[in-house]
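If you want the building blocks of each chain, they are given just below.
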Amino acid sequence: MRITGWDIKGFGRLKQYKAVPGPGFNIIYAPNESGKSTLQAFIRAMLYGLKGGRIGKDGTLPPIKRYKPWNGENYAGVLEYTLASGESFRVGRNFEKGTTNIYDSGANPIHQRFTQDKSTGPRFAEEHLGLDEATFERSVFLGQMQSAVDEAGRRALIEKIANLNTTGSEDQSLSRAIGALEEALLERVGTGRSSTRPLDKVNMRIKALEEQYQELAKISERYLDSFRELHEKKKLLAQWLDEKTKKEALASRLHVKRLAMIKKEMEDLSQGLDEKERALEAVHEALKKAEIYGRLTPEGMTQAALIAHDMNRIKEELAQAGAALEELTAEKTGLEASLDSEESFIRRTGDIEEALKQAASQSGPGASGKRGMPIPALVAGCLTLAVLGLWLMLKHPLLPVAAMLALAATLFLWLRTGAGKAASPSISPQTQALNKALSQAGFMGLDQYMEYKEAWQKERVAVEAAGKKLTEARNRLKELEAAKTALEDSWRGLTASWPHARMEEGEAFIQRWREGMDNYHQLSASKKAILDGMAHLTDKRRVLVREAAGLLGKPGLTYEECCEALDGLDGLALDETPWEETVTEDELKDLEQRINSLNLEMAALTARLEQAPREGELSRILEELEGLREKRKKLERTGAALNLAKEILLETAKQVRRDYIPALNEEMSFFIGQLTSGKYTRASTNDALQVLLSSPETEALVPVERLSTGTIDQVYLAMRLAAVRLLEKRGEPLPLFLDEPFSQYDEARIINGFKMLKALADERQIFFFTCRERELQLAQKVMGPQLVRIELPD
Amino acid sequence: MKSLRFIHCADIHLEAPFREQGTGSYAETRRMDIRKAFLHILKTARDQKADFLLISGDLFEQDLTTKRTMEWLSMVLSDVDAPIFIIPGNHDPFVKNSWYALWDWPPNVHILTPQNPQYILEEQRVFIYGLGFSAYKQGKPDLSHVPPPRKDYLNILMVHGTLDMDFSGEAYQPVTSRELAALNYDYYALGHFHQPRAEDSTTSMIYPGSPEPLGFDESGIHGAYGVTVLREPSGLRLKAERFETAQRVYHPVSLDVTGLKSLEEVKMKLLGVLEGLNPQRDLVQITLKGRTAMDLDEKLLTALFSEDWLFLQIRNETQKAFDLEALTRDPAVKGSFVRAINKRLEALDEAMKMEGDPKALAEEKERLELALSFGLEALCNGKIEGWSEE
């Protein structure tokens, strides 16, 4: 693009000012405050329009107001330019009215062809130049370098170089941008490692609230647990109360039934008692009658029975003994009657015996000698003695009989063995004597004599025995009589108080009295039984009364009172229907206890439930939490966006460096060589993004920071020019507006600069603004006829 | 069976917390609004002599409901002469300490739990089966346990859950309309979604929505449904009509301030948004969007406008104004940065056209746009200013 002319109607201090610049190097030499900057602003304004807006915080006017003509002149202008394609355009703007007209070379209005900006009108410059205003401004307008003024200026310049190098724009500092993002992330969001940044504060508050919420939720849950427990206990209580009601009703029915039963039982008992009372009376009567028998004792009866028995026996024995005595007497008498008397015997046998003796003394001791007691007889005799001894000791009535039998056996055995052992005699004088004696005695022979003798002896023995027996029998009778007397005495003694005690009645009496005594005792036993029975019935009745009194709730009732009370109850009919259910007092008590315990537990729970969690507190915490979470989300989103911006920025910066810096360095190298007359030939950038210049002299790479101020200026200029070249690669060659670019240069540098600009002017239009006459002179010297001088109005 | 009328509502959310940060007792006022909306439903049931009332879940917030709330609820439910059927939702599930289990509900209230899922109204010949929640999250229900519909009865299935949504990871008893239709019930009383859903007034699968809206994502008019059941020769005919119950209406508004040159212009725009709205009824949240060079203080703006409003909030989500079109042509890093972001934005737009997660993609887009603003501001100004979350 080349500007071919302008007509400023009114713009800032410039009014009614026309000019036609040259296609190459144009120099505007004018003192300060003469409108150089205003002209630059006009060109910008014509291309990109002027923005409105409010007065800035530092008091600066918005552009539309800043350049309003002071004297109320038309606030308008015209600019003409030609593009590299040869197309020409004429732009007319009225800044006051806000109108813009564009005409092509055929004077056709074409402003409608372009996209319209509300405030600045058609955006034809973006289209024709391929740059927005900001890019245009920062690219084609080179202001004064400040490096020589102070250290701050030098640093600013180095920064601009660095910016250009890293971002392609001197005003865009990557490090500052990254720093801004990081600072915003730290200050406005937080990094999670601090406690005072917004996100960290929010997170801490969220954490605290969440803990508080959890705590309250636990309390609430415990409250609900207690509530549930109370609810369950209420259900259980209702169940138990229902059970209690049913049991009490059942108990009541059972009470009624029981009372009826008690009443019936008591009636039965009373009836029983009455019956027993009557029985007792009868027994009493009978006892009275049989009282006499009461004096008897079983021992007495036994003794009496024994006495009576003994008496009977003794009587029997007496009778027997009497009979035996008579027999014996008769027997003895009989025997005595049949027995020769001893005198007769002796008379009859004396001689015989004498004869026998005579005979015997001659035969010597022999077979007819002595005859000892045979042993069986001896034994029997001993036995007899033993029995007699026993009888004497024991007085048993049978013992005498046994003695007699033993005696008889003794005698029998003795006689038997003794009689069989008689010796055989020979005839001798003695024998003759004997025979004589025998015959005189009337015996035919000795045998007969012996027989007679034996017989007589036997008889005599028998008589003796009989006599003995008789004696014994008499003795026995005496004994019996004595025993009888003793018994009678005993009887009398025993039955002294027994009237009608007749021993002679004997067993019958005993029997009668025994029966009477038994009867008496039976009556006594009956009486006792009756009394016991009555006592038992009375006890039972007492128990029933107590039970009834308990059931009626009136303890301590007497029987009569109880009967009265039972009679007073309605519906007390005996129900014989069997009950399947029962309930005991213990069951009711247990249930009551359980109900009471449950009520206490429920009261405790209810009291605990009074401490209900404060209403609405959870909601408030949740609401605050929601708000904080929303805030956190926003902060996190912001943080994420800041991080993303940083990430993309670094990526693009890398890309820019990769794509842009080599090209920039290449372009820069050209300009550096020109500006420094070959002192520095190459510009490069290391990984640390340092700009380095190579010096052919030293073959060293020198960082820009180590260069002199003037050289830094040159580097900056070279970089700016290189940047413009790179910008143009996209489209239209751009004019350059250089405002005092060599203000810090020495003359040699100025000349080099102009030489470089002269070469540059071949490819683009250059507007060089200066207030130094020396520069004008040098420019004229270097440029020669190529130079076009543009005057500013006074 | 004579004609019947019943009321169907759901998602009342008694004692719900309110996310929007209102001032003073705003949240309490809103909770009272919920109660009023619910009372409106009960009054409608009484006035229309409804045969019964269905509440398809989320009647209250289990964790936030107190004994006092239950006392109030008991009192108002017992005033309704008709039977009331409730299924537990994911906010009031039938868990260990559920108020459904702990409370002595009035005799006309029937809670359909997993243990007792059904009820029969013999006189009206109505069979109701409920599929509620017994945990805060619950997977797909086993529909094979749902008994077949009874002949000559009005068969109603109450379900709290999501309908026709992607099942992967879905934790709120997901079902499909197809599955429900296969059960051949006459009416499906649904609950869970807060926005009402019914294809038309004759559809048998209805989400009545929350009777009182609960957030700015629940704009529009809210209410419940009254359903009339007519017996016709061809069968049962159901007609469902929605009635309003909401005390408030949420108005989320997005206002693009791009191009506005002054605060006054912004205020005028705000006034325009508010025109026609009722400060006592309408809850307004205006989000300023777009790009502007103005420093808009949302707190200041909110304070300026919210004086008579129960809730009015102005949020500033504007971004700095940049001539992005021109910047894309900048050869320097600024231009590269803008181009890089644009490239990513274009990729996102493409992804949005494909089957991506729209929410995640929208968030990523927002993040990129914000990154763009921050990056440009950092590059241009060397600092980020003009916003603060505090």
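Residues numbered from 1 in each chain as written. Chains lettered and ligands numbered in written order. Predicted model: local features only at pLDDT ≥ 70, side-chain atom pairs only at ≥ 80, totals over all residues. Heavy atoms only, no water.

Peer 1: I'd like a description of the packing of helix H4 (residues 133-140) of chain A against helix H20 (residues 709-728) of chain A, backed by residues and values.
Peer 2: All names here are of chain A. For the pair H4 and H20, interaxial distance at closest approach is 9 Å and the crossing angle is 140°. With respect to H20, the element H4 is oriented oblique. Here Thr-135, Arg-138, Ser-139 and Val-140 of H4 lie close against H20, whose contacting residues are Arg-720, Val-724 and Leu-727. Residue classes in the contact of H4 with H20 are distributed as three nonpolar, two polar and two charged. (Axes fitted to C-alpha atoms, helices over the stretch in contact; angles between N-to-C directions. Helix = DSSP H or I, 4+ residues; strand = E, 2+ residues; numbered from the N terminus. Parallel < 35°, antiparallel > 145°, perpendicular 65-115°, else oblique. Contact = heavy atoms within 4.5 Å. Nonpolar A, V, L, I, M, F, W, Y, C, P; charged D, E, K, R; others polar.)

Peer 1: Lay out the packing of aromatic side chains with the relevant residues and their values.
Peer 2: To describe a pair of aromatic rings, one takes the distance between the centres and the angle between the planes. According to the stated counting rule, one finds 38 aromatic pairs over all chains in the structure shown. Judged by centre distance (5.1 Å) and plane angle (75°), the ring pair of Phe6(B) and Tyr187(B) falls under edge-to-face. Highlighted residues: Phe6(B) in strand E1 (residues 4-9) and Tyr187(B) in strand E8 (residues 187-191), separated in sequence by 181 residues. On the accessibility criterion, Phe6(B) (0% relative accessible area) is buried. With a centroid separation of 5.0 Å and an interplanar angle of 45°, the aromatic rings of Phe60(B) and Tyr100(B) are classed as tilted. With a gap of 40 residues between them, Phe60(B) in the loop between strand E2 (52-55) and helix H2 (67-78) and Tyr100(B) in helix H3 (residues 99-102) connect regions that are remote in the sequence. Given the relative accessible area of 5%, Tyr100(B) is considered buried. One aromatic cluster is present, formed by Trp6(A), Tyr17(A), Tyr48(A), Phe136(A), Phe141(A), Phe737(A) and Phe767(A) through successive ring pairs. Positioned over the ring face of Phe141(A) is Arg44(A), at 4.7 Å from the centre of the ring. Above the face of the Tyr153(B) ring, Arg150(B) is positioned so that its terminal group lies 5.7 Å from the ring centre. (Phe/Tyr/Trp six-rings, centres within 6.5 Å; stacked < 30°, edge-to-face > 60°. Buried < 20%, exposed > 50% of the residue type's maximum accessible area, 1.4 Å probe, protein only. Lys NZ or Arg CZ within 6 Å of the ring centre and 35° of its normal.)

Peer 1: Give me the sheet that holds E1(B): which residues, what numbers.
Peer 2: Residues and elements named next belong to chain B. Judged by pairing direction, the sheet is mixed, and its six strands sit side by side in the order E4-E3-E2-E1-E10-E11 without closing on themselves. Two strands bound the open sheet, and with one partner strand each, they are strand E4 (109-111) and strand E11 (235-244). Direction aside, neighbouring strands of the sheet carry axes that sit 20° apart on average. Bridge count between E1 and E2: four bridges; the pairing is parallel. The partner of Phe-6 across the bridge, within E2, is Phe-52. Packing against the sheet, helix H1 (residues 26-47) makes contact with E1, E2, strand E10 (223-232) and E11, and its axis sits at approximately 175° to E1. (Pairing = 2+ DSSP bridges.)

Peer 1: Give a description of the nonpolar core that names residues and reports values.
Peer 2: Taken as a class, soluble globular proteins show a tendency for nonpolar side chains to be buried jointly. Grouped together as the largest cluster of nonpolar side chains are 140 residues, with contacts concentrated most on Trp6(A), Phe11(A), Phe25(A), Leu47(A), Phe754(A) and Leu757(A). For this core, the leading source of residues is helix H18 (residues 617-659) of chain A, giving 14 residues. Not counting the four nearest positions on each side in its chain, Leu47(A) is found in contact with Met1(A), Leu79(A), Tyr81(A), Arg93(A), Phe124(A), Ala125(A), Leu129(A) and Phe136(A). Of all hydrophobic cores here, the second largest spans 53 residues; its members include Tyr223(A), Val76(B), Leu102(B) and Phe243(B). (Core = buried A, V, L, I, M, F, W, Y, C linked by side-chain atoms within 4.5 Å.)

Peer 1: Which residues make up the interface of chain B and chain A, and what values do they have?
Peer 2: When the parts come together, some accessible area is lost, and that loss is often what is quoted as the size of the interface. Contacts between chain B and chain A engage 55 residues on the former and 59 residues on the latter. Carbon and sulfur atoms make up 58% of the area that chain B and chain A hide from each other, which totals about 5300 Å². Across the chain B-chain A interface, the total number found is five salt bridges. Between Glu366(B) and Arg637(A) there is a salt bridge, with the nearest N and O atoms lying 2.6 Å from each other. On the surface where chain B and chain A come into contact, there are 11 residue pairs in polar contact (both at pLDDT 80 or more). Listing elements by their share of the side of chain B that touches chain A, those giving two or more residues are H1, H2, H3, helix H7 (324-327), helix H8 (333-353) and helix H9 (358-381) of chain B. No other element matches the nine residues that H9(B) contributes to the side of chain B that touches chain A. (Buried area = accessible area lost by both parts, 1.4 Å probe. Salt bridge = Lys/Arg side-chain N within 4 Å of Asp/Glu carboxyl O. Polar contact = N/O pair within 3.5 Å; in protein donor to acceptor, adjacent residues only side chain to side chain.)

Peer 1: Please provide a residue-by-residue account of unusual backbone geometry, values included.
Peer 2: In the Ramachandran plot, Ser677(A) falls in the positive-phi region, its phi being about 50° despite a non-glycine side chain. By secondary structure assignment, the location of Ser677(A) is in the loop between helix H19 (661-675) and strand E10 (682-685). Note on Ser677(A): relative accessible area 51%, which makes it exposed. At Arg125(B), a residue that is not glycine, the phi angle is positive and equals roughly 55°.

Peer 1: Summarise a negative patch on the surface; cite the residues concerned and give the values.
Peer 2: Among the surface-exposed residues, Asp274(A), Glu275(A), Glu277(A) and Glu281(A) lie close enough to one another that they form a single negatively charged patch. Accessibility expressed as a relative area gives 43% for Glu275(A), which makes it partly exposed. (Patch = residues over 30% accessible without salt bridge, like charges linked within 9 Å, V, L, I, M, F, W, Y side chains within 5 Å. Areas by Shrake-Rupley, 256 points an atom, 1.4 Å probe, with all protein chains shown as cover. Lys, Arg positive; Asp, Glu negative; His and termini not counted. Charge placed at Lys NZ, Arg CZ, Asp CG, Glu CD.)

Peer 1: I'd love a proper account of the environment of Leu557(A), names of residues and values included.
Peer 2: All names here are of chain A. Looking at the secondary structure, you find Leu-557 in the loop between helix H15 (507-552) and helix H16 (559-568). As for Leu-557 and Arg-546, which are separated by 11 residues in sequence, their C-alpha atoms are 7.2 Å apart. Ignoring anything within four residues of it in the chain, the contact list for Leu-557 reads Val-545, Ala-549, Leu-552 and Cys-562.

Peer 1: Please provide a residue-by-residue account of the sheet that holds strand E13 (residues 282-289) of chain B, values included.
Peer 2: Residue and element names in this part refer to chain B. Spatial strand order, E12-E13-E15: three strands in an open sheet with parallel pairing. Taken across any chain shown, the strands that pair with only one partner, and hence form the sheet edges, are strand E12 (249-256) and strand E15 (311-316). Each neighbouring strand pair of the sheet contributes to a mean axis angle of 15°, computed without reference to strand direction. Against the sheet, helix H5 (residues 263-274) touches E12, E13 and E15, its axis set at about 145° to E13. This element, helix H6 (residues 298-305), spans E13 and E15 of the sheet and lies at about 155° to E15.

Peer 1: How would you sum up the confidence of the model for chain A? Please name residues and give values.
Peer 2: Residue and element names in this part refer to chain A. Summary statistics for chain A give a mean pLDDT of 81 and a share of 87% for residues scoring 70 or more. Across chain A, element-level confidence peaks in strand E4 (residues 76-82) with a mean pLDDT of 95 and bottoms out in helix H12 (residues 398-419) with 60. Low pLDDT (under 50) marks residues 365-372, which in the prediction has eight contacts with non-local residues, meaning those over four places away or in another chain. Segment residues 418-425: pLDDT under 50, and nine contacts once partners within four positions in sequence are set aside and those in other chains are kept. (pLDDT = per-residue confidence, 0-100.)

Peer 1: Go over H19(A) with me, naming the residues and quoting the values.
Peer 2: All names here are of chain A. Here H19 is 15 residues long and its end C-alpha atoms lie 20 Å apart, about the 21 Å a rise of 1.5 Å per residue gives. Those residues of H19 that sit buried are Ile-661, Leu-664, Asn-665, Glu-667, Met-668, Ser-669, Phe-671, Ile-672, Gly-673 and Leu-675. Just past H19, the residue Ser-677 takes up positive phi, approximately 50°. (Expected span 1.5 Å × (residues − 1).)

Peer 1: If you had to explain the pairing of strand E2 (residues 14-19) of chain A to someone new, which residues and values would you point to?
Peer 2: Residue and element names in this part refer to chain A. Relative to E2, strand E1 (residues 2-11) is paired through five bridges, and the arrangement is antiparallel. Paired with Phe-11 across the two strands is Leu-14, which belongs to E2. Hairpin connection from E1 to E2: two residues lie between these consecutive antiparallel strands, with Gly-12 at a positive phi of about 65°.

Peer 1: Outline the environment of Ser220(A), supporting the account with residue identities and numerical values.
Peer 2: With respect to the helices and strands, the residue Ser220(A) is situated in helix H7 (residues 198-289). The buried category is assigned to Ser220(A), whose relative accessible area is 12%. Ser220(A) sits 393 residues away from Pro613(A) along the chain, and the two C-alpha atoms are 6.1 Å apart. Those residues in contact with Ser220(A) that lie beyond four places of it in its chain are Pro613(A), Leu618(A) and Asp63(B).

Peer 1: Quick rundown of the pattern of salt bridges? Include the residues and the values.
Peer 2: Tallied over the entire structure, the rule returns 62 salt bridges over all chains. Glu187(A) is paired through a salt bridge with Arg197(A); the nearest N and O atoms lie 3.2 Å apart. Highlighted residues: Glu187(A) in helix H6 (residues 174-189) and Arg197(A) in the loop between H6 and H7, separated in sequence by 10 residues. A salt bridge links Glu350(B) to Lys353(B); its shortest N-O distance comes to 3.5 Å. In this pair, Glu350(B) and Lys353(B) are both assigned in helix H8, three residues apart and thus about one turn of the helix distant.

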